[in-house]
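For reference, the chains in residue letters:
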Amino acid sequence: MLSDLPVFPILLSKDLDATRTFYRDKLGLEILREDEGDRIVFRCGGGTRLVVTLSTVGTADTQTQMAWLVPDIGAAVADLRRRGVRIEEYAAPDPVTTDGVADMGHSWAAWFIDPSRNVLAVVQPKG
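A brief structural summary. Fair warning: this is a prediction, and the values are worked out from it, not measured in the lab.

1. A look at unusual backbone geometry
Leaving glycine out, the prevailing phi sign among residues is negative, and the prevailing peptide bond configuration is trans.
No. 1: Here the amide bond leading from A92 into P93 is cis, since omega sits at 15°, within 30 degrees of zero.
No. 2: By the element assignment, P93 lies in the loop between α2 (73-82) and β6 (97-98).
No. 3: Located in the positive-phi region is D99, a residue other than glycine, with phi close to 50°.
No. 4: Position of D99 among the secondary structure elements: in the loop between β6 and β7 (101-103).
No. 5: At R117, a residue that is not glycine, the phi angle is positive and equals roughly 75°.

Okay, structure coming up:
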């Protein structure tokens, strides 16, 4: 049953005002619903959505929490930078980036971090 149903990620936020500004104004996501002091629901592609809920602790993980599939990693990175989003640079032992993009073998990826320290990515699969 679950294999045929859409999913939506839920990220944690320590500051919903900063979350709203980042996802709506910097990333350009439309707000579908906002439950004051609790959560913000954003529209994403293909009928999907992203939910960001208020948390007192946020996330402490440095791994990727969510990624968008993109058709052109270079264009996605350039667009994010134009919007004022800082693209992370990594060196070994992490995946090594060149101008913000890492060759992961099966895909290219670039990472950025939201105001609550959630690690987000854009990923272009190879082939």
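Don't stop here, the text continues.
2. Focus on the sheet that holds β6
No. 1: The 5 strands are arranged β5-β9-β8-β7-β6 in an open sheet whose pairing can be described as mixed. Each edge of the sheet is formed by a strand with only one pairing partner; in this case those strands are β5 (64-69) and β6.
No. 2: Of the strand pairs in this sheet, β7 and strand β8 (residues 107-113) are connected by 2 bridges, and their pairing is antiparallel. What sits directly across from D103, in β8, is W108.

3. Considering the pattern of salt bridges
No. 1: Summed over the entire model, instances satisfying the criterion amount to 13 salt bridges.
No. 2: A salt bridge links R20 to E34; its shortest N-O distance comes to 2.5 Å. Of this pair, R20 sits in helix α1 (residues 16-26) while E34 sits in strand β2 (residues 31-35), and the two are 14 residues apart along the sequence.
No. 3: For D35, the salt bridge goes to R39, with nearest N and O atoms at 3.7 Å.
No. 4: The exposure class of D35 is partly exposed, given its relative accessible area of 25%.
No. 5: Within this structure, R33, D35, D38 and R39 form a network of salt bridges that share partners.

Thresholds, definitions, all that
- Residues numbered from 1 in each chain as written.
- Predicted model: local features only at pLDDT ≥ 70, side-chain atom pairs only at ≥ 80, totals over all residues.
- Heavy atoms only, no water.
- Helix = DSSP H or I, 4+ residues; strand = E, 2+ residues; numbered from the N terminus.
- Pairing = 2+ DSSP bridges.
- Salt bridge = Lys/Arg side-chain N within 4 Å of Asp/Glu carboxyl O.
- Buried < 20%, exposed > 50% of the residue type's maximum accessible area, 1.4 Å probe, protein only.

Geometric values such as these leave the question of function open.
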